[in-house]
Amino acid sequence: MKKRAPSSSSSLALAALPVARSRLRLGLQLILCLSVLACTLALIRICSRSPSTVDLVEVPLLAPPKIAFLFLARSNLPLDFVWHTFFQKAEEEKYSIYIHSEPGFAFDRTTTRSPFFFGRQLQNSIRVVWGEATMIEAERLLLAVALKDPANQRFALISDRYCVPLYNFSYVYSYMMSSSKSFVDSFLDRKDVRYNAKMFPTIPKDRWRKGSQWITLVRKHAETIVADTIVFPVFSKFCKRRTGLALGAKQNNKEAAQKEHDCIPDEHYVQTLLSMSHLEDELERRTLTYTSWNQSIDTKDKRSWHPKTFEFPDASLEHIMEIRNINHVYYETEYRTEWCQCNAAFVPCFLFARKFSRSAAMRILNDGLLGPFDAGAFLFTNS
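Described below are features of the structure shown in this document.

Definitions and cut-offs
Throughout, residues of each chain are indexed from 1 in the direction in which the sequence is written. With the structure being a predicted model, the display of local features is reserved for residues of pLDDT at least 70 and the display and counting of side-chain atom pairs for 80 or more, all residues being used for whole-chain, interface and lining totals. Values shown for side chains rest on all heavy atoms present in the structure; no hydrogens or waters enter the calculation. In this analysis, strands are considered paired if DSSP registers two or more bridges between them. Helix and strand definitions here come from DSSP, where helices need a minimum of 4 consecutive H or I residues and strands a minimum of 2 consecutive E residues; each element is numbered from the N-terminal end. Side-chain atoms alone can form a polar contact between residues adjacent in sequence; in general such a contact is a pair of N or O atoms within 3.5 Å, and within protein one must be able to donate a hydrogen while the other accepts it. We call a set of buried Ala, Val, Leu, Ile, Met, Phe, Trp, Tyr and Cys residues a nonpolar core when their side-chain atoms join them within 4.5 Å. Note on classification: 1.4 Å probe, protein chains only; a residue is buried when its accessible area is under 20% of the maximum for its type, exposed when over 50%, partly exposed between these limits. Any two residues whose heavy atoms approach within 4.5 Å at even a single point are treated as in contact. Note that a disulfide, as used here, is simply two cysteine sulfur atoms within 2.5 Å.

### A short note on the sheet that holds strand 4 (residues 164-165)
Right, on to step 1. With mixed pairing, the three strands of this open sheet are ordered in space as 4-13-8. Of all strands in the sheet, those with a lone pairing partner are strand 4 and strand 8 (289-291), marking the two edges.
Right, on to step 2. Relative to strand 13 (residues 352-354), strand 4 runs antiparallel, the two being bridged by two bridges. Looking at the pairing, valine 164 lines up with alanine 353 of strand 13.

Spelled out as structure tokens, the structure:
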């Protein structure tokens, strides 16, 4: 039986098969090359992108991270001699100093005996009025200037009203840097009457928080505060007082003036903003600054609710050690005990304390709690 010769159409199909396979291979190679090119361009775009404020936190620093000490002052710093001793033993590349004082006040040889404070004042300071949003505006100004230095990774707000460090710089630095969290005293006061319903819906009542003004922040949270354009305007509008009283002026009607407040911004703003930003899990919810509030048994006197001033007899080594040994804080309104920790390690609660008279501060220095001190280098008079 003879084999049938292939038809012309079959011959053409067989001849086209290698060509089709060759085109398929070329197509696959082209797709592969284009995919590699697309991935490469995407990587280049990501690497060349301008870093956001959050990206900056993750970039390794060539220099050691610094603590920015932010002094909120009326004019001068009454206990500059204490802080001079504190900074004297510090490594210069590990800290920076910024001061918000009244407009026009300069820190120089005529206003402070410590060269650590020379020229550290903000040039854009504002007049601060007790009980108004200008207080938190001054804090925001301090943070904004300090954030310009990328080495600043911790931001500690310090009171000029006779605040002292309880430890030397080395201990304070290690303590703050060992924690990845901010230290912000923040709690829900169930008896609070300061929340103004007019703040709703911008500030929901369930996000309203209270706490100490004296905070220590990581960089991310400092950026959150400076970038805020939503919560701060509400505080500016509703946190006002009807009786004008400049910061530092003697206040005979403080109790009556407090009753006129919709809120006291420095005790609520940062806490409420971080709560609204859903950042409370990133906080150690306590302050690092110890304050002994009025312990009077006189109900009438207790309503004034003012911090106790430590005088010379109160600043004994034994008393200072009692403050140092405090390891927890109880929040009555939340039925919560805050055990003081840094990244799950138990630590003393406080690094700073207020309010200390000059004689009490001198006693701390003479006891050597902050290192060697030459009393002859600082002549001072009691106010």
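On we go.
### Things to note about the side chain of arginine 358
Right, on to step 1. Mapped onto the elements of the fold, arginine 358 is located in helix 12 (residues 358-366).
Right, on to step 2. There is a polar contact of 3.3 Å between the side chain of arginine 358 and the backbone oxygen of proline 78.

### Overview of the nonpolar core
Side chains that are nonpolar tend, in soluble globular proteins, to be buried together.
Right, on to step 1. Ranked by internal contacts, the top residues of the largest apolar core, which has 58 residues, are Phe69, Phe71, Trp83, Phe87, Phe117, Phe352 and Phe356.
Right, on to step 2. Those residues in contact with phenylalanine 71, other than ones at most four positions away along the chain, are Leu77, Trp83, Phe87, Ile97, Tyr98, Ile99, His100, Phe117, Leu142 and Ile158.
Right, on to step 3. Of all hydrophobic cores here, the second largest spans 41 residues; its members include Trp214, Cys239, Leu274 and Leu279.

### Quick notes on the state of the cysteines
Any covalent bond linking the sulfur atoms of two cysteines counts as a disulfide.
Right, on to step 1. According to the stated counting rule, one finds one disulfide in the structure shown.
Right, on to step 2. Note on cysteine connectivity: cysteine 340 is disulfide-linked to cysteine 349, with sulfurs 1.9 Å apart. On the sign convention where negative means left-handed, the S-S torsion of about 90° between cysteine 340 and cysteine 349 marks this disulfide as right-handed.
Right, on to step 3. In this structure cysteine 342 is a free cysteine whose sulfur lies 8.9 Å from that of cysteine 340, the closest cysteine sulfur available.
Right, on to step 4. In this structure cysteine 342 comes out as buried when scored by relative accessible area, which is 6%.

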